[in-house]
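Examining the three-dimensional arrangement
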Amino acid sequence: MSFNHIVLQNILRDKWTYVSYFLSSMFSILIFFLFTVIVFHPSLKSLDPDSTLGITLLLASMLVYLFSFIYITYSIMAFLKKKTRTLGIFMITGASMKQIRTLVFRENILIGIVAIIAAIIFGLVITPLFLMATKVVLKAETFGMYIPVKAIVITVGLFLLLFIVISKIVTRFINKEASIQLLKSDAVIEKPIKSHLLSLLSSVLISITLTYLLKIDHGIVGSLGLFYYTLFFISILLSMYLMISQGMRVLLEVFEKSPTYIRKTNMLLISNLNAKMKSHANMLFLITILLSGVFLCTSILFSSYYNVANDSEANYPYSFQYIADPKADDSMVKADIAFLEKQLASVDSKKYAVAFKSDKASRIGYMSASDYNLLQKQEINLDKNDFIAVAGNRGIPPITKIADENLNHLNLAYTNEQNLLTTGFQYTYFIVSDTIYSSMDYPVYKTYLFELEHWTHHIDLAHKITKSLPTIIDKRYVASKITLYDSEMFVKSVMFFIGFMLSLIFLSAAMSILYFYLQTTLIQEKEKYIGIRKLGLSKKELSTVVSKELAILIFVPFSIATVMLFTTLFTMRTMISIAFLQVSMVSSLCFFALFLVSYLFIRNSYIKRLLV
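Predicted model only: the values in this text are computed from it and were never measured. (Residues numbered from 1 in each chain as written. Predicted model: local features only at pLDDT ≥ 70, side-chain atom pairs only at ≥ 80, totals over all residues. Heavy atoms only, no water.)

To continue, consider the overall build of the protein. Helices and strands together make up the secondary structure of the protein, namely 21 helices and eight strands. Across the protein, contacts joining residues at least 24 apart in sequence account for 84% of those joining residues at least 6 apart. Within the structure as shown, the protein displays about 31,800 Å² of accessible surface, and the carbon and sulfur contribution to it stands at 66%. (Helix = DSSP H or I, 4+ residues; strand = E, 2+ residues; numbered from the N terminus. Contact = heavy atoms within 4.5 Å. Areas by Shrake-Rupley, 256 points an atom, 1.4 Å probe, with all protein chains shown as cover.)

Right, let's get into the nonpolar core. Grouped together as the largest cluster of nonpolar side chains are 92 residues, with contacts concentrated most on Phe159, Leu514, Tyr529 and Phe595. If you tally residues by element for this core, the top one is helix α18 (residues 481-520), at 16 residues. Ignoring anything within four residues of it in the chain, the contact list for Tyr529 reads Asn272, Leu542, Val545, Val546, Glu549, Leu610 and Leu611. Counting residues in each nonpolar core, the second largest holds 23 residues, with Val347, Ala462, Val478 and Tyr485 among its members. (Core = buried A, V, L, I, M, F, W, Y, C linked by side-chain atoms within 4.5 Å. Buried < 20%, exposed > 50% of the residue type's maximum accessible area, 1.4 Å probe, protein only.)

With mixed pairing, the eight strands of this open sheet are ordered in space as β5-β4-β6-β3-β2-β7-β1-β8. At either margin of the open sheet sits one strand with a lone partner, and together these are β5 (411-416) and β8 (476-479). Across the sheet, the axes of successive neighbouring strands diverge by a mean angle of 25°, strand direction being ignored. The sheet contact formed by strand β4 (residues 386-391) and β5 spans five bridges and is parallel. Bridge pairing links Ala389 to Thr415 in β5. The strands that helix α14 (residues 330-343) touches are β1 (320-324), β2 (349-359), β7 (444-452) and β8; relative to β1, the one it contacts most, it runs at about 170°. (Pairing = 2+ DSSP bridges. Axes fitted to C-alpha atoms, helices over the stretch in contact; angles between N-to-C directions.)

Moving on: the packing of α14 against helix α17 (residues 459-468). It is at 11 Å that the axes of α14 and α17 come closest, and there the two elements cross at 165°. Here α17 runs roughly antiparallel to α14, going by the angle between their axes. The hand of the α14/α17 crossing is right-handed. Touching Phe339, Leu340 and Gln343 of α14 are Leu461, Lys464, Ile465 and Ser468, all from α17. Across the contact of α14 with α17, the residue classes break down as four nonpolar, two polar and one charged. (Parallel < 35°, antiparallel > 145°, perpendicular 65-115°, else oblique. Left-handed = near helix turned anticlockwise from the far one by under 90°. Nonpolar A, V, L, I, M, F, W, Y, C, P; charged D, E, K, R; others polar.)

Once that is clear, we can look at the confidence of the model for the protein. Across the protein, pLDDT averages 79, with 82% of residues at or above 70. Note on residues 177-183: pLDDT is under 50 here. Beyond four places in sequence and across chains, it has 12 contacts. (pLDDT = per-residue confidence, 0-100.)

Next up on the list: the packing of aromatic side chains. Counted under the stated rule, the structure contains 17 aromatic pairs. Plain terms: the ring middles of Phe425 and Tyr477 are 5.1 Å apart, the flat faces sit at 70° to each other, and that makes the pair edge-to-face. Taken as a pair, Phe425 in the loop between β5 and β6 (428-432) and Tyr477 in strand β8 lie far apart in primary sequence, 52 residues in all. Classification of Tyr477 as buried rests on a relative accessible area of 16%. Against the face of Tyr437 rests Lys357, its NZ or CZ located 4.6 Å from the ring centre. Here the basic side chain of Arg363 rests over the ring of Tyr427, its NZ or CZ set 4.7 Å away from the ring centre. (Phe/Tyr/Trp six-rings, centres within 6.5 Å; stacked < 30°, edge-to-face > 60°. Lys NZ or Arg CZ within 6 Å of the ring centre and 35° of its normal.)

All right, on to the side chain of Thr422 then. Considering the arrangement of structural elements, one finds Thr422 in the loop between β5 and β6. If near-sequence neighbours (up to four positions away) are discounted, Thr422 is found in contact with Asn315, Tyr316, Pro317, Gln321, Gly392 and Ala479.

On to helix α15 (residues 369-376), then. Those residues of α15 not exposed but buried are Ala369, Asp371, Tyr372, Asn373 and Leu375. Looking one or two residues past α15, Lys377 carries a phi angle of roughly 55°, positive in sign.

For strand β3 (residues 364-368), the buried fraction is high: five of the five residues fall into the buried class. Along β3, one buried face is formed by Ile364, Tyr366 and Ser368 and the opposite face, lined by Gly365 and Met367, is buried too. By the bridge criterion, three bridges tie β2 to β3 in an arrangement that is antiparallel. Across the sheet, residue Ser358 finds its bridge partner in β3, namely Gly365. Between β2 and β3, which follow one another and run antiparallel, lie four residues, and Arg363 among them has a positive phi close to 50°. By the bridge criterion, five bridges tie β3 to β6 in an arrangement that is parallel. By the bridge assignment, Gly365 is partnered in β6 with Tyr429.

What follows is about a nonpolar patch on the surface. A contiguous nonpolar patch, built from Leu63, Leu66, Phe69, Ile70, Leu161, Val165 and Ile169 and spanning about 590 Å² of accessible area, is present on the exposed surface. For the nonpolar patch, the secondary-structure elements that each account for two or more residues are α3 (52-82) and α6 (149-170). Examining the composition of the nonpolar patch, we find that four residues originate from one element, α3, more than from any other. Structurally, Phe69 is set in helix α3. (Patch = residues over 30% accessible without salt bridge, like charges linked within 9 Å, V, L, I, M, F, W, Y side chains within 5 Å. Salt bridge = Lys/Arg side-chain N within 4 Å of Asp/Glu carboxyl O.)

So, on to the pattern of salt bridges. As enumerated under the stated definition, the model contains seven salt bridges in all. With its nearest N and O atoms 3.2 Å apart, the salt bridge here joins Asp311 to Arg394. Residue Asp311 is found in helix α13 (residues 308-315), and its partner Arg394 is found in the loop between β4 and β5; the two are separated by 83 residues along the sequence. For Asp311, a relative accessible area of 29% puts it in the partly exposed group. For Arg394, a relative accessible area of 39% gives the class partly exposed.

Before going further, it helps to examine the environment of Lys401. Note on placement: Lys401 falls in the loop between β4 and β5. Among the residues examined, Lys401 registers a relative accessible area of 69% and is labelled exposed. Sequence separation between Lys401 and Ala389 is 12 residues; the distance between their C-alpha atoms is 8.7 Å.

Two elements in contact, helix α10 (residues 226-256) and helix α11 (residues 266-275), have axes whose closest approach is 11 Å; the angle formed by their N-to-C orientations is 150°. Here α10 lies roughly antiparallel to α11, going by the angle between them. Crossing handedness for the pair α10 and α11: left-handed. Of the residues in α11, those touching α10 at Met248, Leu252, Phe255 and Glu256 are Asn266, Ile270, Leu273 and Asn274. Residue composition of the contact of α10 with α11, grouped by class: five nonpolar, two polar and one charged.

Okay, the side chain of Arg476 next. Within the secondary structure layout, Arg476 lies in strand β8. The class for Arg476 is buried, based on a relative accessible area of 7%. A polar contact is formed between the side chain of Arg476 and the side chain of Asp336, at a distance of 2.9 Å. Sequence-distant contacts of Arg476, defined by excluding residues within four places in its chain, comprise Tyr322, Ile323, Met332, Asp336, Ser468, Leu469, Pro470 and Thr471. (Polar contact = N/O pair within 3.5 Å; in protein donor to acceptor, adjacent residues only side chain to side chain.)

With that out of the way, let us pick up unusual backbone geometry. A positive phi angle, close to 50°, is found at Arg363, a residue other than glycine. Structurally, the position occupied by Arg363 is in the loop between β2 and β3.

Structure follows, in structure tokens:
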């Protein structure tokens, strides 16, 4: 019998252990492959790699691969933990550590190669449907099927390297003495969680202090840079772990002293939790971290998808804006406006013809009160010696001091921080009385504004107009919030897609980690429950205990992650939109439903194998 035959037979005889490891690996590879199919799609070939979208796609690809590395490493470690008894048998029969490590290495490589091949084959099968769904999400005109050679090569190369590196490293953690000891003993007793209340208090205070600094003083945060964010991230993780582990220890101690401890099967449940307190706390912490990642992706990336219209309008207030340069030929301007009116004749629109004068040196615009009233649809009685400062850039307060010596006697009436025209065209607009405006000697910019009803429904029309009337420096300046909305929607749609993929990875990882955890303790738990049944407990009573224990492992992390999410939203309530809150609430309800289904499936499957 050859060594490779032993490797193959070892896999086939314990196929259920290897199947769970194989499926988790295949899923990680499949997600990465589908992601690279999108990244290298011909439709995105013209994408600037230095743009925000290009950098986002690159970082997302790196994040997916990094997470796959961590996830597959965890899967292999969980797999080795379950195989410890089998490895102990090989050691007792005379196998050397070199042979054991070679055996495990070849097993991992074999499973890795099969997982890569299966993931790519399955990925190629579902790629057409996946691209169709992506086309709908991205609202792309052409996003059809292609032969993803580059995606296949990169996926095979990176994951083959990943399996080789991980398999070589983790085999060094195989311990001969521990394997033989586990083979000889019936159970391994976990060390209890010690009291670390002082450490918990310290870490929470540090986290609160760092959060407060982030809120009140961005100067300190900016000076510390990466060190601050690293420290903040570590303190949050440490606080979360200590809160979960210490909270679990305290709650179990309190419950043991309560009258409900001796009711029904509560004593057995608490003894189970006490016996595996440390491993349960680690599992709760891991799943909580993954779910926090899910909620972060859904709440931030998904909500941005729904704020595009408002953001576009904040930058470009009008559906179409045509500004004629003072040097522009009048005949050209008349022809352009006639073309615009003809194109918009079939849609419900309103036209505004105004003008403003500009101090080109300081890029300050001046507009008469009558024209300003026309745009604002209100009557503002502005005194001759007063002026209004209106923003010219989104998010930047308007300048409130007039530099013109002939006008510095004017008094500021009030400010308006909402953009008057397209953001950035002028730094600030000063609204003055009609008399003052007439006396000013600055170049005049004639401005024609068109506002469409249901403007988001006229994307094709907007592209046609802006293509026919492009901006020409020193002649005309054309802008449309509709085209801005369309381009931003594409970017946000890609981010929506990335958020969905990352959420899917985090969520599946949470369930897979729980599944591996249950699988590694299945044999030990099965022997324990066989002994308990001899004491007289029924299958129904044991099923109740197992159901409650699984509910704790699944729903406690979900509850913690949800509380963290809405606590963060409450502290940022003045900075976030209603859409953000709506998306967070809806996504939480959807994930709760998904977790409920997962809980029912895992519980039924686990109990069936545990209590046979």
